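One letter stands for each residue in the lines below.
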Amino acid sequence: MITIENLNFGYSEKRLLSISHMEIKEKQHLMILGKSGSGKTTLLHILGGLLKPVQGKVLIDDTDLYSLSGTEMDKYRGQNIGLVFQKAHLISALTVKDNLLLAQYFSGIPQDTGRIKEVLNTLNLGEKLNSKVRQLSQGEQQRVTIARALLNKPRVLLADEPTASLDDDNANSVIQLLKEQAENHNASLIIATHDQRVKDAFDLQLNLNEQ
Amino acid sequence: MNLFLLSWKYIKDKPLNTFLNVLLMGLGIAIILVLLILNSQLEENLAKNKRGVDLVVGAKGSPLQLILANVYHIDFPTGNIKLDEAKALTRNRQVKSAIPLALGDNYQGFRIVGTNHDYVKLYEGSLASGDLWKYNLECTIGTNVAMQLGLKIGDEFFGAHGLSDTDLDHDEASYKVVGILEPSNSALDNLILTNIESIWQVHAHTAEEGEEEADHDHEPVLGSAYETGLPEGGPDAEITSMLIQFRSAMGAVVMPRMINSDTNMQAASPAFETQRLFSLMGIGVNMIKSFAYIIIVIAGLSIFISLYNALKDRKYDLAIMRSLGASKSKLFVHVIFEGIIITTIGGVLGFVLGHGLVEFLTGLYEKSEAIGISGMVLVKGEFYVLLISIGVGVLASILPAFNAYRTEISKVLAQE
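Structure report, in brief. As the structure is a computational prediction, the values presented were derived from the model and not from experiment. (Residues numbered from 1 in each chain as written. Chains lettered and ligands numbered in written order. Predicted model: local features only at pLDDT ≥ 70, side-chain atom pairs only at ≥ 80, totals over all residues. Heavy atoms only, no water.)

**With respect to the overall build of chain A**
Summing up its helical and strand segments, chain A has six helices and nine strands in all. Oriented by its inertia axes, the alpha-carbon framework of chain A measures out at about 45 × 40 × 30 Å. Here chain A, with 211 residues, has 56% of them falling under the buried criterion. Across chain A, every contact between residues at least 6 apart in sequence was considered, and the portion connecting residues at least 24 apart equals 70%. Of the roughly 9,200 Å² of accessible surface on chain A, a fraction of 42% belongs to carbon and sulfur atoms. Side chains of chain A carry 24 positive and 25 negative charges; the gap between the two charge centres is 5 Å. (Helix = DSSP H or I, 4+ residues; strand = E, 2+ residues; numbered from the N terminus. Buried < 20%, exposed > 50% of the residue type's maximum accessible area, 1.4 Å probe, protein only. Contact = heavy atoms within 4.5 Å. Areas by Shrake-Rupley, 256 points an atom, 1.4 Å probe, with all protein chains shown as cover. Lys, Arg positive; Asp, Glu negative; His and termini not counted. Charge placed at Lys NZ, Arg CZ, Asp CG, Glu CD.)

Here it is in structure tokens:
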């Protein structure tokens, strides 16, 4: 489903990482492990269509990501790739509902409040539909970003250090939640982390420390 | 959700900042609009009242005063001229037509003007009811006079000496209203028109009280020149001025010099004098206008600074929007919209403030109606003011929008 070929990427001027071939099959999840500064965020951004690699190809299904034009890529990203970050980056000027509507608007799919309610309900956020982002707790905000990432039923769900600022209990439950939601939506989940507590959650691992 | 709504929600999220920017913009636009409204209405009304009048002949004094008193009925007359001298002038072959005016009295602040029917024709006035005056002490009144004083046909009143309503009444002879004019948006609206002999008659009473006593309360005397031309009068008879139309452009070259050097009278050109008046006023108008533009520039700068600073805090928002599928150009438009929305609201506020202010000021200053100024009209150029406000919005937001356009998603998101 996701295929990486001859990928070369530099996350700093000194180091260049390369992956000659890697494949993630449907319903498979990948854990990218590495210390901070090992290039895992860079790799994740490349997989998410946010950053063009120095060399090589990233294929999602049959789409060669970096052969798309800028605008095509933006559209593709909005519709097929869900992103979750360490901090809950929500638009604080807007309500929860507007944040999610924005994800539908920018990706060019029809705006559908029914779908938004559905996703929020599965994450136990149903009552927060019209709350301002600022009124939510940290954990709630994190779950809203997961809801936003899943909203457009992406093929790939990418999470960058989703557990870094959470305590042990919450760290594990967020991983479980991501896994569960990814499976519900038939999406491949890729998590980049240096968090030792969650490294064993998936079988498929890529350890950048060893490169 | 769409870009416009998104920009609007960002604006709403910062009410104080928005309020300040909108207010600045609104004030600038309001000042410009006030000037625009006053200037264009003044110009329009001054032009309307001077049309068909090539030259005003009156007593020596300030030419501007002569024009203001006899064409616009604002200032006081310069004095009187001899009827005989005026008559001699009308025989000049350059003169196509001459309308005599006799000023000096008022009723409740409205000027009583002795003249003939040509004066009504000059301004294309028409009767709303009744007739034009024929007999002495009959009068036809302008629409504002009728409305504000509640005068009807058949009503009688005593004129007062002088041109402001505090002066003494001529309580010997009363005027009788015989007609009311339609609104013409000209000087006619605020005047009480009668025969020149009526004015003489009223003043003769004060001058030679005993002698004229016999004439009192007799049947009305038909005016000697109520339709056109100059009235018949004795050797001492005087009028205030004459409005002259030339037969050809040559008149404008020859006549003023001839009158000013060879007679005891003065000739002044309404076109020239009003232009002079405007160039005098223009200095002040231009200064206030520059002041308004400075305010608008400050408003633009203030919007620029708040957008620019806000974008520093919002670079994550912008990167997230990109990651959600927003193209670069959408972010550009999103920021531009923010600028335009603020300045357009400012423009609309300025529009309301500007018109409201003019309307408020005209309410305070009673002469303004006589000059024909109102806040409740649209004037030429207001459309451009709206364009200016949108333009300021675009200018203020173009650099921040360009920064938004260049957001490097990966770099910003990696910086957490």
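There is more to say after this.
**Observations regarding the pairing of strand β1 (residues 2-10) of chain A**
Residues and elements named next belong to chain A. Alignment of β1 against strand β2 (residues 16-24), held across eight bridges, turns out to be antiparallel. Within β2, the residue paired with Leu-7 across the bridge is Ile-19. One ladder, built from five bridges, connects β1 with strand β4 (residues 55-60); its direction is antiparallel. Note that in β4 the partner of Ile-4 across the bridge is Val-58. (Pairing = 2+ DSSP bridges.)

**Quick notes on a nonpolar patch on the surface**
Residues and elements named next belong to chain B. On the surface, Phe-19, Leu-23, Leu-27, Leu-349 and Leu-353 cluster together to form a nonpolar patch covering roughly 420 Å² of accessible area. Of all the secondary structure elements, the ones that give two or more residues to the nonpolar patch are α2 (15-50) and α11 (328-364). With respect to the secondary-structure elements, Leu-27 resides in helix α2. (Patch = residues over 30% accessible without salt bridge, like charges linked within 9 Å, V, L, I, M, F, W, Y side chains within 5 Å. Salt bridge = Lys/Arg side-chain N within 4 Å of Asp/Glu carboxyl O.)

**Some thoughts on the side chain of Gln-141 of chain A**
Residue and element names in this part refer to chain A. Turning to its location among the elements, Gln-141 is positioned in helix α5 (residues 138-151). Exposure remark for Gln-141: the relative accessible area of 14% places this residue in the buried category. Beyond its immediate sequence surroundings of up to four residues, Gln-141 is in contact with Ala-88, Leu-90, Val-133 and Leu-136.

**Considering unusual backbone geometry**
Within the chain, Lys-153 of chain A stands out as a residue other than glycine whose phi angle is a positive 50°. Tracing the backbone through its elements, the reader meets Lys-153 of chain A in the loop between α5 and β7 (156-160). Backbone geometry at Glu-124 of chain B places phi at a positive 55°, although glycine is not the residue there. Residue placement: Glu-124 of chain B occurs in the loop between α5 (117-122) and β5 (127-130).

**Thoughts on empty space enclosed by the protein**
The tally for this structure, following the rule as stated, stands at one cavity of 30 Å³ or more. In terms of lining residues, the largest cavity is bounded by 14 residues, among which Ile-81, Gly-82, Leu-83 and Arg-148 of chain A together with Leu-324 of chain B are the most central. With three residues, strand β6 (residues 81-84) of chain A is the single largest residue contributor to the lining of the largest cavity. (1 Å grid on protein atoms, 1.4 Å probe; cavity = no way out; pocket = protein on both sides within 12 Å on 5 of 7 lines; lining within 4 Å. Points joined across faces, edges and corners; volume = space filled by probe spheres on them.)

**Points about the pairing of strand β6 (residues 138-141) of chain B**
All names here are of chain B. Burial along β6 is two-sided: Glu-138 and Thr-140 and Cys-139 and Ile-141, pointing in opposite directions, are all buried. In this structure, β6 lies alongside strand β9 (residues 191-194), joined through three bridges in antiparallel fashion. When the sheet's bridge partners are listed, Cys-139 is paired in β9 with Thr-194.

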